[in-house]
Amino acid sequence: MNYFKFFEKFILKAIKRVAQDSEVFIDLAMHSFSVERPKDPKHGDISTNVAMILAKQFKMKPIDLAELIVPELVSSKYIVEANLAGPGFINIQISTKFWKERLRDILLINTKFGNSNIGSGRKINVEYVSANPTGPMHVGHGRGAVVGDVLSKVLEKSGFEVTKEYYINDAGNQVNILAHSVYFRYCELNGKSMGVIPEEYYQGSYLIDLAEELQKRDGNRWLDLTQEEWLPPIQGFAIKSMMQLISKDLNSLGVFPDVFRSEKEIIQTGMVDAVMSTLADQNLIYEGTLDPPKGRENQDWESNPQTLFLSTKYGDDIDRAIKKTDGSWTYFASDMAYHLDKYQRGFNRMINIWGFDHGGYVKRMTAAVSALTRGDAMLDVKLCQLVNLIRDGQQIKMSKRSGTFLTLGEVIREVGRDAFRFFMLTRKNDAPLDFDLTKVLEESKDNPVYYIQYSHARGKSVLRRASEIFDDSKLVPEMLAEVELDLLDDPLEINLIKIMASWPRVLEDTANSHEPHRIAYFLIDMASAFHNLWTKGARQAAQLRFISIENEELTMARLAMVQSYLIVVASALEVMGITPLNEMR
RNA sequence: GGCCCCGUAGCUCAGCUGGAUAGAGCAUUGGAUUUCUAAUCCAAGGGUCGCAGGUUCGAAUCCUGCCGGGGUCGCCA
């Protein structure tokens, strides 16, 4: 249960009663008041600006309206106090009874606590990574993979029917170069003198490995053929191998796309042609010339007429080319077809996770989606900023030539899946991220992964200790849900419970904003509240220790809280794709 | 030159889609160890939220214009 929504509904009812009493008609469909947690705890648990927002409709001063609302609120058994403050805020103190009930919710609903139905079963497509199958992925791809994967899990928990999708760019120039690069290495292996590898070819040694594999499989049968003969099969072989490599790395990250969609297939089945003729029917395609970009050197610019899509009609800055001079479709053209393909598969909500260098591409794609679906589908593009790799305080300069290129697979093998996933979400996606290979494995509170895992291990350790004293059957969540919880009354305890109770809200906000980093920050907050309590009990106030032999009732209440904590941490970690640790040794 | 993103404490960054006295970690200083794991905790100092206007009861948040940093700019994907 999202408790903010719960009280929002309650406030709404109170408003209705006040409106009735004062014979005012108010338009509640338009309500947009806030119900939030004030920064200052002195202002209560929740605070609403409803009186300020609706004052005009009531033709009253905010404060006068608030005074009418307050008595209505206090009638709830869950509200112990409501008072007005400042220019017309209503600050509400929620009863401890309410928080104790949330604790029971957690114990009974377990890891499904926080699940909601805001998606109401609607389909949504999350396209992520989509790295070109021309080489191994780097950490930047890993960031996109984690962002997309965690977002997908959040959306699933929020009642959407999610499809995780990877678009394979297996058509066009880059995969041609790939084929040539492999063939070059293949010829070298077979003793043909090839000279220096051309600069535009992919240089990486992984292609030598690939060529060796090819030779092992086929011997020298491709050697003396024409390009027309060798290119298609070798290209197919190379793409397939690269995709295996990429999938393997994704899997080791815990990322498993549901669908791999091939660009080549989309082109070959004629979807692009079909889409373009539809657009032509709508007069959205024309022959024209583009102006050269201003302010930079373009000595090679030739103003040729070309086939353009009228993306300016849908908010783009200029119209965009859809055909190359050789007559083939541009990447944009096939990407339009691909997005229509998604729409036709039933997705009118799409999220794309892209690298930051594709920022200039967003407007034309959202324009294309509105044109192709006549405004029925919406596309949200999330751009992930660069990841800077750092070791021992020094930035690792990535250069494919000098061989200081660290692939995603290598980094995951070094730091582990869980740490990598967590750190990828310690920044919002559009901020650059420093990834420090040394710090990630550091065992201290500077390292949020350890901080959180340690708190979980501590909780587990309490339960292990408890099971030496009590019967195990008493310690399972369902049984702990039955214990008397009123004995939990320390501010630190209530604070922890409040944070745990806000988990559903965090999930909802994340699902609505498409910002998975919020989960990471929530976990840090919650772990901090737990450590506070722990340390205080262990050192400053022995009466706060979770287990006190002489008071079984109190101990059971606290074990219920610890068990709840473990449940919420575990489910937040689960969403992040991270395995909670039971002990740190 | 056009477009997109960023600018918040000495450093790295949050800031709940417009709320009250702007937060956290690191660093600095001073404290807590007969423990359910000190791999933790507590306290203190530290700010013209890049600048200037605008919108309104109210702006770090929305709009406009500058300044600074990054990205990107026809037939690469």
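Residues numbered from 1 in each chain as written. Chains lettered and ligands numbered in written order. Predicted model: local features only at pLDDT ≥ 70, side-chain atom pairs only at ≥ 80, totals over all residues. Heavy atoms only, no water.

Caption draft 1: Fine view of the nonpolar core. In terms of nonpolar packing, the biggest core is built from 150 residues, with F420, F435, M500, W503, M526 and L559 touching the most fellow members. When residues in this core are grouped by element, the largest group, 15 residues, is from helix α20 (residues 552–576). Composition of this core by domain shows at least three residues from each of domain 1 (3–94) and domain 2 (448–576). Once you skip the residues sitting within four places of it in the chain, W503 turns out to touch F113, G114, K157, I519, F522, V568, S571, A572 and V575. By size, the runner-up hydrophobic cluster in this structure holds 30 residues, among which are Y167, F309, F332 and A371. (Core = buried A, V, L, I, M, F, W, Y, C linked by side-chain atoms within 4.5 Å. Buried < 20%, exposed > 50% of the residue type's maximum accessible area, 1.4 Å probe, protein only. Helix = DSSP H or I, 4+ residues; strand = E, 2+ residues; numbered from the N terminus. Domains from an automatic or database assignment. Contact = heavy atoms within 4.5 Å.)

Caption draft 2: Structural view of the sheet that holds strand β14 (residues 394–395). Judged by pairing direction, the sheet is mixed, and its three strands sit side by side in the order β14-β13-β15 without closing on themselves. Edge strands, defined here as strands with exactly one partner in the open sheet, are β14 and β15 (433–436). Contacting β13 (387–391) and β15, helix α14 (residues 417–424) crosses the sheet at an angle of about 155° to β15. (Pairing = 2+ DSSP bridges. Axes fitted to C-alpha atoms, helices over the stretch in contact; angles between N-to-C directions.)

Caption draft 3: Spatial organisation of the packing of aromatic side chains. For the structure on display, the rule yields 26 aromatic pairs. Ring geometry for Y331 against Y361: centres 6.0 Å apart, planes inclined by 45°, an arrangement best described as tilted. Of this pair, Y331 sits in helix α11 (residues 331–344) while Y361 sits in the loop between β11 (349–355) and α12 (362–372), and the two are 30 residues apart along the sequence. Judged by relative accessible area, which is 33%, Y331 ranks as partly exposed. In this arrangement the basic side chain of R221 is found over the ring face of W222, its NZ or CZ atom lying 4.3 Å from the centre. Above the face of the F4 ring, R505 is positioned so that its terminal group lies 3.9 Å from the ring centre. (Phe/Tyr/Trp six-rings, centres within 6.5 Å; stacked < 30°, edge-to-face > 60°. Lys NZ or Arg CZ within 6 Å of the ring centre and 35° of its normal.)

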